[in-house]
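Per-entry structural report
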Amino acid sequence: MGVGLGGLAVASMIDPLSLTGGHKSVSQNILPAKALHFAPKAKRVIYLFQSGGPSQLELFDYKPLLSKMRGEDLPDSVRQGQRLTGMTAGQDRFPLVGSQFKFDQYGKSRAWVSELMPHTAKIVDDLCFVKSVHTEAINHDPAITFFQTGSQQTGRPSMGSWFSYGLGSLNDNLPTFSVLLSRGTGRPVAQPLYSRLWGNGFLSSLHQGVQFRSGKDPVLYLKNPEGISKTDRRLMLDHISELNMKQEAEFGDPEIGSRVAQYEMAYRMQTSVPETMNVDDEPDYIFDMYGEDSRRPGTYAANCLLARRLAERDVRFIQLYHMGWDQHGDLPGDITNQSKDVDQATAALIQDLKQRGLLDDTLVIWGGEFGRTNYCQGTMTQTNYGRDHHPKCFTMFMAGGGVKPGFTYGETDDFGYNVTRDPVHVHDIQATIMHLMGIDHTKLTYKHQGRRFRLTDVSGHVVQDILT
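Residues numbered from 1 in each chain as written. Predicted model: local features only at pLDDT ≥ 70, side-chain atom pairs only at ≥ 80, totals over all residues. Heavy atoms only, no water.

With that settled, consider the overall build of the protein chain. The helix and strand inventory of the protein chain stands at 13 helices and 17 strands. At 23 Å, the protein chain has a C-alpha radius of gyration in line with the 23 Å of a compact globule built from 468 residues. The C-alpha extent of the protein chain, read off along each of the three principal axes, is 75 × 50 × 40 Å. Classification of the 468 residues of the protein chain by burial places 56% in the buried group. Long-range contacts, defined here as pairs at least 24 residues apart, represent 77% of the contacts in the protein chain between residues at least 6 apart. (Helix = DSSP H or I, 4+ residues; strand = E, 2+ residues; numbered from the N terminus. Rg over C-alpha atoms; globule rule 2.2 N^0.38 Å. Buried < 20%, exposed > 50% of the residue type's maximum accessible area, 1.4 Å probe, protein only. Contact = heavy atoms within 4.5 Å.)

Let's shift gears to the environment of Ile240. One can find Ile240 in helix 8 (residues 230-251). Its relative accessible area of 27% is what places Ile240 among the partly exposed residues. Along the backbone, Ile240 and Val260 are 20 residues apart, and their C-alpha atoms lie at a distance of 8.2 Å.

Here we take up the pattern of salt bridges. Scanning all chains against the criterion turns up 26 salt bridges. The salt bridge partner of Asp326 is Arg372, with a shortest N-O separation of 3.0 Å. Remark: Arg372 occurs in strand 9 (residues 371-372) and Asp326 occurs in the loop between strand 7 (317-323) and helix 12 (331-355); sequence separation between them is 46 residues. You'll find Asp326 and Arg372 in the same group, each marked buried. Each of Glu275, Asp281, Glu282, Arg308, Arg309, Glu312, Arg313, Asp352 and Arg356 takes part in salt bridges that share partners, so that together they form one network. (Salt bridge = Lys/Arg side-chain N within 4 Å of Asp/Glu carboxyl O.)

Viewed as axis vectors pointing N to C, helix 11 (residues 300-312) and helix 12 meet at an angle of 15°, and their least axial separation amounts to 8 Å. Relative to helix 12, the element helix 11 is oriented roughly parallel. In this structure, helix 11 meets helix 12 at a crossing whose hand is right-handed. Between helix 11, through Tyr300, Ala301, Cys304, Arg308 and Ala311, and helix 12, the contact on the second element is made entirely by Asp341, Val342, Ala345, Thr346, Leu349, Asp352 and Leu353. When its residues are assigned to classes, the contact of helix 11 with helix 12 shows eight nonpolar, one polar and three charged. (Axes fitted to C-alpha atoms, helices over the stretch in contact; angles between N-to-C directions. Parallel < 35°, antiparallel > 145°, perpendicular 65-115°, else oblique. Left-handed = near helix turned anticlockwise from the far one by under 90°. Nonpolar A, V, L, I, M, F, W, Y, C, P; charged D, E, K, R; others polar.)

Listed below in structure tokens is the structure:
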């Protein structure tokens, strides 16, 4: 009887919807297709996270008033007591500074795009810009953690882990949640990223993100040690599985089942990962589309190409992190380099997905953790300036997966400092992504330490106006 109750407890923690359906594999999702809250418009997500906070004023949010008022102080009536970081709080003045880069309108949608993003400008009619995103966090670590986990405090599951938990895998031979990192040229010595950003938090470790690296071993500890054959590995896993199942029956620890599933996944990945990461079969025109950097493993362009390959193989959640967007000083030169890192490859990824018929059910997201100030940080010269962190308004864009193409949502004031129409909070972004994947963000929860947690905590609403 004790073993039976233990098994029931394990089943309930692994799959709350299967209490009466017999013990199922720990890799199975808790929301099978027939139980989704909505008809999903997207099957998978590619999240192109631009770490450091891209300046919306240099890229997408055109504000000519800042150039006209260059050098004048930011009016108190505009700032409205907004708290500042320690990097500019001590400044005597907050001189306004407009972008040094030219803007123009493109496509049928007439979206404003800077000369820094010429490739992105060509695909604006496939993009949905959200110019009114805002957050509470004003420093990098809590701001990135907030976007990725729904909390500024560490310890919560990441967005990809929630989707793995709720929806499960579309491909049993690859991780449900895959992570790729690249370092930009705009600020090579940028703030670090931590593995907890793609961690599982209090969910089963089965749902943590798997980082793919650019070296000879894309996933660490996946290859068999020297002298161990695939047959030897299979026999070893079978014996370990027997021991683990006995331990699970005795102790009822769900992490034991997760461990078994991870061992089995690693075994299958020994074949699937090398095949996925090997881009030798890609034709030259694809490398030309993504740019020369796509031939260099570990670059943003190469990772965008890998993201398409992972999407083709039905990986559920693909997270790219690109570091280097933190231009506190030397912004004109640094953001030029950083934009060049991502512009062509981002546009190519979206076009590539579209030409393969994958964009309709793949949601692509581009954006950082906050924006940049409209005033100069530090010394301003005729050719140089910097910008501090700004959480009150910034721009993101999305493509495919059920969002309106050729559409711009939200507005900021003429100073590019405050949202004036249709504000979109971080939790609103998260709720909308979940909705597009068929999930009601208020209903996908996990009970931990006596409370039911969810990605959007206790807030968030779906931004219906940007959906098709």
